[in-house]
Amino acid sequence: MDPRINGFDYRRVTVAEGVTLNVAVGGSGPAIVLLHGFPQTHLMWRHVAADLAADHTVICPDLRGYGDSDKPVDVDGSAYAKRTMAADVVALARALGHERFALAGHDRGALVAFRAGLDHPEAISQLALLDVLPTLDMWDVLHGATAAVAFHLYLMAQPPGLPEELIGGSPDAFFGHFLDAWTRDPAALPADVRAAYLSASRAAVTSIVADYRASAGIDVAHDTTDRVAGNQLRMPVTVLQQDWGAALGYDAAGLWRAWAPDLSHQTVTCGHFMAEEAPAEVVRALRTLLARQ
């Protein structure tokens, strides 16, 4: 059996027609939903979730297309739009009895959380976004040879067929590359956890590619509409990031402030998988955010 978050109950919750999410729920009190990134599952929150569950209801789903959640076929490009995935999250919280909740996302989960904050401000009380840029800004800052660090974005943006075939030909090598390259402390991903991530990703190549492909298409359209309209995140927002701005030549805090006027932006020194490499730092940031109104 794959590792689980100790002390949490597991259940399946239907969030849309034909889509059921695998979710771990623990604790009691005000609700916070934690969304994982790539190439991971809800398990990445195991340390943070256990701490927050002391005084919060903590909800950790596998996103649609990932882990043990359903993986619908993407017929028209919208099944993995961040708008669709954000609606899943709001429906999940509502099904568990929470009309309003705090939301934190890492990597791909942060893009889902960002869209939830724009589309459902009445439901999101506070928002935390870990080691990501909004989709429009992400594409804008990638230039020249430095963009090679994000080669996977360009690969998975291609039309259906080739990306799935290439990644499916050696999935452990592909997904394992990111688990290794993005981690500064390999001990943060013990063997059983790493194996669980690889197994889950190996079984989800098509849906993971569809998620990334959406970020080169429909997500760009949705974000552009919001930028042109001047829409912003209305709730308190905390962003934790590695210092990619220094590496790639952009002002990360400035980019985020354009979307989030009530912003706390913090640079971390750990690797990308900060909830596993520096869980105490992430918990402190989240608890500070949860105290903001």
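The structure displayed is predicted, hence computed values, not measured ones. (Residues numbered from 1 in each chain as written. Predicted model: local features only at pLDDT ≥ 70, side-chain atom pairs only at ≥ 80, totals over all residues. Heavy atoms only, no water.)

**A short note on the sheet that holds strand 5 (residues 101–106)**
Point 1. The strand order across the open sheet built from 8 strands is 1-2-4-3-5-6-7-8, with neighbouring strands paired in mixed fashion. Edge positions in the sheet fall to strand 1 (9–16) and strand 8 (263–267), since each has one partner strand and no second. Averaged over all neighbouring strand pairs, the angle between strand axes comes to 20°, with direction disregarded.
Point 2. The sheet contact formed by strand 2 (residues 19–26) and strand 4 (residues 57–61) spans 4 bridges and is antiparallel. Residue pairing for strand 4: Ala24 is matched across the bridge by Cys60.
Point 3. Packed onto the sheet, helix 2 (residues 82–95) meets strand 1, strand 2, strand 3 (31–35), strand 4 and strand 5 and runs at close to 125° relative to strand 1. (Pairing = 2+ DSSP bridges. Helix = DSSP H or I, 4+ residues; strand = E, 2+ residues; numbered from the N terminus. Axes fitted to C-alpha atoms, helices over the stretch in contact; angles between N-to-C directions. Contact = heavy atoms within 4.5 Å.)

**Quick notes on the pairing of strand 4**
Point 1. Summarising burial for strand 4: 5 of the 5 residues are buried, a large majority.
Point 2. Residues Thr57, Ile59 and Pro61 line one face of strand 4 and the alternating positions Val58 and Cys60 line the opposite face, and both faces are buried.
Point 3. With 3 bridges connecting them, strand 3 and strand 4 associate as parallel partners. Within strand 4, the residue paired with Ile32 across the bridge is Val58.
Point 4. In this fold, the crossover linking strand 3 to strand 4 by way of helix 1 (residues 46–52) has right-handed handedness. (Buried < 20%, exposed > 50% of the residue type's maximum accessible area, 1.4 Å probe, protein only. Right-handed = clockwise from strand over helix to strand, strands pointing away.)

**Some details on the pattern of salt bridges**
Point 1. Taken as a whole, this structure holds 19 salt bridges when the rule is applied.
Point 2. In this structure, the salt-bridge partner of Asp51 is Arg287, at a minimum N-O distance of 3.1 Å. Of this pair, Asp51 sits in helix 1 while Arg287 sits in helix 14 (residues 279–290), placing them 236 residues apart in sequence.
Point 3. The partner of Lys82 in a salt bridge is Asp219, and the shortest N-O contact between them spans 2.8 Å. (Salt bridge = Lys/Arg side-chain N within 4 Å of Asp/Glu carboxyl O.)

**Observations concerning the packing of aromatic side chains**
Point 1. Inspection of the entire model under this criterion finds 12 aromatic pairs.
Point 2. Taking the centre distance of 5.4 Å and the plane angle of 75° together, the rings of Trp139 and Tyr154 count as edge-to-face. With Trp139 in helix 4 (residues 135–141) and Tyr154 in helix 5 (residues 151–156), this pair connects stretches of sequence that are 15 residues apart.
Point 3. Note on Phe174 and Phe178: the rings are 5.1 Å apart at their centroids and 75° apart in plane angle, and the pair reads as edge-to-face. Of this pair, Phe174 and Phe178 both sit in helix 7 (residues 171–181), 4 residues apart, roughly one helical turn.
Point 4. The structure contains a cluster of three or more aromatic residues connected by ring pairs, namely Phe38, Phe151, Phe174, Phe175, Phe178, Trp182, Tyr212 and Phe273.
Point 5. Lying across the ring of Tyr10, Arg4 places its NZ or CZ 4.2 Å from the centre.
Point 6. If you follow Arg108 out to its NZ or CZ, it ends over the ring of Tyr212, 3.7 Å from the centre. (Phe/Tyr/Trp six-rings, centres within 6.5 Å; stacked < 30°, edge-to-face > 60°. Lys NZ or Arg CZ within 6 Å of the ring centre and 35° of its normal.)

Note that every value here comes from positions in space, so none of it alone points to a role or purpose.
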